[in-house]
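Residue-level structure breakdown
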Amino acid sequence: MLKTDKIYVAGHRGMVGSACVRALKAAGFENIVMRTHSELDLLDPAAVRSFYEAEKPDVAIIAAARVGGIGANSAANSQFLYENELIALNTVWSAAETGVKRLLFLGSTCIYPRMAPQPIPESALLTSELEKTNEGYALAKISGLKLCEFLRRERGLVYHSLMPTNLYGPGDNYDTEHGHVLPTMIRKFETARVNGNQKVTLWGSGSPLREFLHVDDLASACLFLLEMENPPDLVNVGSGREVTIRQLADMVKEATGSQAFIEWDRTKPDGTPRKLCDTRLIRKLGWAPKIDLAAGLRRTVDEYRAEVASGRVRV
Ligand code: GFB
């Protein structure tokens, strides 16, 4: 990637896209193209095609998606499938048709089977059934990564994919019904601390295992892969460290300073029991994460407080 390249970041207002824009600017890439949802509807194939034809970016980073936690996904698998499928197909296909030389597609480790071997290697893709709570999202992301793989094979375009583990960081969605577990816990414990509430209710049994990665680490992995001449078709990006949801709750409680006790609502789903990605491939290529979970959490709690104070928080 050249410093003068024109780089389109799809989804620049989201947590992942905005982290990519920060990382690109910090690395000296200034020619960044962005469009808000109202300026460009990624569900509309003709609009996406005209955008690429008019802007002619050299590189595209596809970080746009409808995302959500286990509550949002399991309540609306159809919408997660429909929107994410269209976003993936439109942004990747029209890029290829209009001469975008390089493209990085972002997915999620929920593309892997529910009972995949742990840690999950890239080779586990499509070997058995998906987790039902996020099947729609997973199917759409699998379509996107496969489209990149086919285009690379058929047309020689360097279109490749990256599968991040569960992410967190600035600009996350703090909606307690639709958000992911980590931001939701921050909001619940912080609200309890501020209001002096005795109790915080969390979902499921607390026993599932999850791996968390700070979004700035993810953005550094995106740049690292884009700088490679011949990156792998598909690569996992994770921290390599997993915690139980119960351990995460204790860490968030401590980071916020809340005194509330935790009640587990077992009517809510646990989702996949374990989801640790095998990161040997990206580590072998020379990338490693820098932000450990405890430090990243403290930073994120501070940022959440600042977002609340300035009225910028997404809820
Ligand atoms: O982050 P999360 O919503 O999604 O939930 P997934 C992770 C775990 O945290 C589940 C538990 O076992 C939840 O039951 N949990 C405990 C909570 N308390 C809460 C709470 O208050 N809110 C939430 N949301 N969870 C998502 C997928 O799966 O991960 C997406 O649905 C995507 O497709 C994303 O892949 C990265 O980790 O289960």
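Look a little higher up for the structure.
I will try to describe carefully the structure that is included in this document.

Reading the values: rules and limits
- Residues numbered from 1 in each chain as written.
- Predicted model: local features only at pLDDT ≥ 70, side-chain atom pairs only at ≥ 80, totals over all residues.
- Heavy atoms only, no water.
- Axes fitted to C-alpha atoms, helices over the stretch in contact; angles between N-to-C directions.
- Helix = DSSP H or I, 4+ residues; strand = E, 2+ residues; numbered from the N terminus.
- Parallel < 35°, antiparallel > 145°, perpendicular 65-115°, else oblique.
- Left-handed = near helix turned anticlockwise from the far one by under 90°.
- Contact = heavy atoms within 4.5 Å.
- Nonpolar A, V, L, I, M, F, W, Y, C, P; charged D, E, K, R; others polar.
- Pairing = 2+ DSSP bridges.
- 1 Å grid on protein atoms, 1.4 Å probe; cavity = no way out; pocket = protein on both sides within 12 Å on 5 of 7 lines; lining within 4 Å.
- Points joined across faces, edges and corners; volume = space filled by probe spheres on them.
- Expected span 1.5 Å × (residues − 1).
- Buried < 20%, exposed > 50% of the residue type's maximum accessible area, 1.4 Å probe, protein only.
- Arc of directions from axis to C-beta.
- Phe/Tyr/Trp six-rings, centres within 6.5 Å; stacked < 30°, edge-to-face > 60°.
- Near = heavy atom within 4 Å.
- Polar contact = N/O pair within 3.5 Å; in protein donor to acceptor, adjacent residues only side chain to side chain.
- Core = buried A, V, L, I, M, F, W, Y, C linked by side-chain atoms within 4.5 Å.

What follows is about the packing of helix H1 (residues 15-26) against helix H7 (residues 215-226). Two elements in contact, H1 and H7, have axes whose closest approach is 8 Å; the angle formed by their N-to-C orientations is 60°. Put simply, H1 runs oblique to H7. In the packing of H1 onto H7, the handedness of the crossing is right-handed. Contact residues: Met15, Val16, Ala19, Cys20, Arg22, Ala23 and Leu24 in H1; Val215, Asp216, Leu218, Ala219, Cys222 and Leu223 in H7. Of the residues in the contact of H1 with H7, the class split is 11 nonpolar, no polar and 2 charged.

What follows covers the sheet that holds strand S5 (residues 158-164). What the 6 strands build is an open sheet, ordered S2-S1-S3-S4-S5-S9; its pairing is parallel. Looking at strand neighbours, the two that pair on one side only are strand S2 (32-33) and strand S9 (234-237), the edges of this open sheet. Packed on one face of the sheet, helix H5 (residues 135-155) meets strand S4 (102-106), S5 and S9 and runs near 150° to S5. Taken strand by strand, H7 contacts strand S3 (59-62), S4, S5 and S9, and its axis lies near 155° from that of S5.

Turning to the layout of surface pockets, a few remarks are in order. Approximately 190 Å³ is the volume attributed to the second largest pocket. As for the second largest pocket, its lining consists of His12, Arg13, Gly14, Ser18, Arg22, Pro170, Gly171, Asp172, Glu307, Arg312 and Arg314. Its residues assigned to classes, the lining of the second largest pocket comprises 1 nonpolar, 4 polar and 6 charged.

All right, on to helix H10 (residues 293-310) then. If you check H10, its first and last C-alpha atoms are 25 Å apart, about what 18 residues at 1.5 Å a residue would give, namely 26 Å. Within H10 the residues assigned to the buried category are Leu293, Gly296, Leu297, Thr300, Val301, Tyr304 and Glu307. Along the long axis of H10, the arc covered by the buried residues comes to 140°, so they all point the same way. In H10, the exposed positions that point more than 90 degrees away from the buried face belong to Arg298 and Ala309. Glycine 311, located one to two residues past H10, shows a positive phi value of around 75°.

A few words on the packing of aromatic side chains. Think of a pair of aromatic rings as described by two things: how far the centres are apart, and how the planes are tilted against each other in angle. If you walk through the whole model with that rule in mind, you get 5 aromatic pairs. Between the aromatic rings of tyrosine 8 and phenylalanine 51, the centroid separation amounts to 4.5 Å while the plane-to-plane angle is 55°, which identifies the pairing as tilted. Taken together, the positions of tyrosine 8 in strand S1 (residues 7-10) and phenylalanine 51 in helix H2 (residues 45-55) put the pair 43 residues apart, joining distant regions of the chain. Here tyrosine 8 matches phenylalanine 51 in class, with each residue buried. Aromatic side chains tyrosine 174 and tyrosine 304 sit 4.5 Å apart centroid to centroid with 45° between the ring planes, which places their arrangement in the tilted category. Of this pair, tyrosine 174 sits in the loop between strand S6 (166-168) and helix H6 (181-195) while tyrosine 304 sits in helix H10, and the two are 130 residues apart along the sequence. Using a relative accessible area of 6% as the deciding quantity, one classes tyrosine 304 as buried.

Another aspect to go through is the site of the ligand. Contacts to the ligand come from 22 residues, most closely from Ile70, Lys188, Arg210, Pro269 and Asp270. Separating an oxygen atom of the ligand from a backbone N or O atom of proline 269 is a distance of 2.7 Å. Going through the elements one at a time, helix H3 (70-75), H6 and strand S7 (199-203) are the ones with two or more residues in the shell around the ligand. The element contributing the most residues to the shell around the ligand is H6, with 3 residues. Its residues placed into classes, the shell around the ligand shows 9 nonpolar, 9 polar and 4 charged.

Take the nonpolar core next. In terms of nonpolar packing, the biggest core is built from 41 residues, with Tyr8, Tyr52, Leu103 and Tyr159 touching the most fellow members. Going through the elements one at a time, S1, H2, S3, helix H4 (77-97), S4, H5 and S5 are the ones with two or more residues in this core. Among the elements that make up this core, the one with the highest residue count is H5 (7 residues). Discounting chain neighbours no more than four positions away, the residues touching tyrosine 52 are Tyr8, Pro57, Ala60, Ile62, Asn90, Thr91, Ser94, Ala95, Thr98 and Val100. Met15, Phe29, Ala63 and Cys222 belong to the second largest nonpolar core, which has 32 residues in total.

Let us look at empty space enclosed by the protein. Applying the stated criterion across every chain yields a total of 2 cavities of 30 Å³ or more. There is about 60 Å³ of room inside the largest cavity. Thr109, Cys110, Tyr112, Pro113, Arg114, Ile120, Glu131, Asn134, Thr272, Arg274 and Lys275 are the residues that line the largest cavity. Counted by class, the lining of the largest cavity contains 4 nonpolar, 3 polar and 4 charged residues. Taken together, Asn166, Leu167, His180, Val181, Leu182, Pro183 and Phe212 form the lining of the second largest cavity.

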